[in-house]
Amino acid sequence: MKALTPAGLMAHARTPTGQKLVKYTMVSIISVVIGQALLFIALTILDWRAAPSNIFAVGVSSIPAYYLNRAWAWGKRGRSHLMKEVVPFWGLNFLGLVVSTLFVHVAESRAKSYSERTETLIIMGAALAGFGLLWVAKFVILNKILFRTHEQDLEDMPALDGRTGIPT
């Protein structure tokens, strides 16, 4: 990767890996918005405890995350391969679910002395922190293993300008 300067970051964002990282980041933002909204609803409107609320939010928000990552960020089309894509993706999400559920459980137990609103914000922050820990590792796994571009896939892709990585 280029230097961590604005110009270096822009140059990296134009490479195939950089484009995937930008799209993965956008999918992550969408997933966070969906997950946090569902977590908020489960905690405040449904009045569920933190762990079941988190399981619900992660379970539902993982569905659009899978399809957006597969189709948009990595450009995969056609049927998903159960053992090469679906199971590993859900395995990674399950790991995130375990970590974030542990975080929200601890946060809920520690935030009892605060107001209900503050407790909700602490729990939501804990869920974000749990997934944030795994975010970079998940990109590497998705990019290098799960949705890796194979030589036969390159035939369907447009040619890239060697200097900018932009399709010609």
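Up top is the structure these notes are about.
Position numbers for residues count from 1 along each chain, tracking the sequence in the order it is written. Residues qualify for local features only when their pLDDT is at least 70, as the model is predicted, and side-chain atom pairs are given and counted only at 80 or more; totals for whole chains, interfaces and linings, by contrast, use all residues. Computation of side-chain values covers all heavy atoms of the structure but excludes hydrogens and water.

Enquirer: What exactly am I supposed to notice about a nonpolar patch on the surface here?
Expert: Together, Val22, Met26, Ile29, Val33 and Trp72 give the surface a local cluster of nonpolar side chains, amounting to about 460 Å² of exposed area. Helix numbering and strand numbering both begin at the N terminus, where a helix is a DSSP run of H or I of at least 4 residues and a strand a DSSP run of E of at least 2. Looking at the nonpolar patch, the element that brings in the most residues is helix H2 (residues 16-45), giving four residues. Looking at where Trp72 falls in the secondary structure, it is placed in helix H3 (residues 50-73). Patches here: salt-bridge-free residues with over 30% relative accessible area, like charges joined within 9 Å, nonpolar side chains (Val, Leu, Ile, Met, Phe, Trp, Tyr) joined within 5 Å. Where accessible areas are quoted, they stem from the Shrake-Rupley method and a 1.4 Å probe; at the residue level, only the protein chains shown are allowed to cover. The term salt bridge refers to a side-chain nitrogen of Lys or Arg lying within 4 Å of a carboxyl oxygen of Asp or Glu.

Enquirer: What am I meant to see in the packing of aromatic side chains here?
Expert: To describe a pair of aromatic rings, you give the distance between the ring centres and the angle between the ring planes. A pair of Phe, Tyr and Trp rings is counted when the ring centres sit within 6.5 Å of each other, with Trp represented by its six-membered ring. The angle between the planes then sorts it: under 30 degrees is stacked, over 60 is edge-to-face, the rest tilted. Following the criterion strictly, the structure yields nine aromatic pairs and no others. Relative to Phe139, the ring of Tyr24 lies with its centre 5.2 Å away and its plane at 45 degrees, an arrangement referred to as tilted. Residue Tyr24 is located in helix H2, and its partner Phe139 is located in helix H5 (residues 116-146); the two are separated by 115 residues in the primary sequence. Across the pair, Phe139 and Tyr24 agree in class, each one buried. Pairing Tyr66 with Phe89 gives two aromatic rings, centres 5.0 Å apart and planes at 70 degrees, and the pair type is edge-to-face. Linking Tyr66 in helix H3 with Phe89 in helix H4 (residues 82-110), this pair joins segments that are 23 residues apart in sequence. Classification of residues uses two cut-offs on accessible area relative to the type maximum, computed with a 1.4 Å probe and protein chains only: under 20% is buried, over 50% is exposed, and between them is partly exposed.

Enquirer: Can you help me understand the environment of Met26 in this one?
Expert: The residue Met26 is located in helix H2 in this model. Sequence-wise, Met26 and Ala73 are 47 residues apart; in three dimensions their C-alpha atoms are separated by 8.8 Å.

Enquirer: Explain the pattern of salt bridges here, please?
Expert: Side chains bearing opposite charge may pair, as long as their charged atoms lie close to each other. Across all of its chains, the model carries three salt bridges by this definition. A salt bridge links Glu108 to Arg49, with the nearest nitrogen and oxygen atoms 3.3 Å apart. Residue Glu108 is located in helix H4, and its partner Arg49 is located in the loop between H2 and H3; the two are separated by 59 residues in the primary sequence. We note a salt bridge from Lys112 to Glu119, for which the minimum N-O separation is 3.6 Å. Among the residues examined, Lys112 registers a relative accessible area of 47% and is labelled partly exposed.

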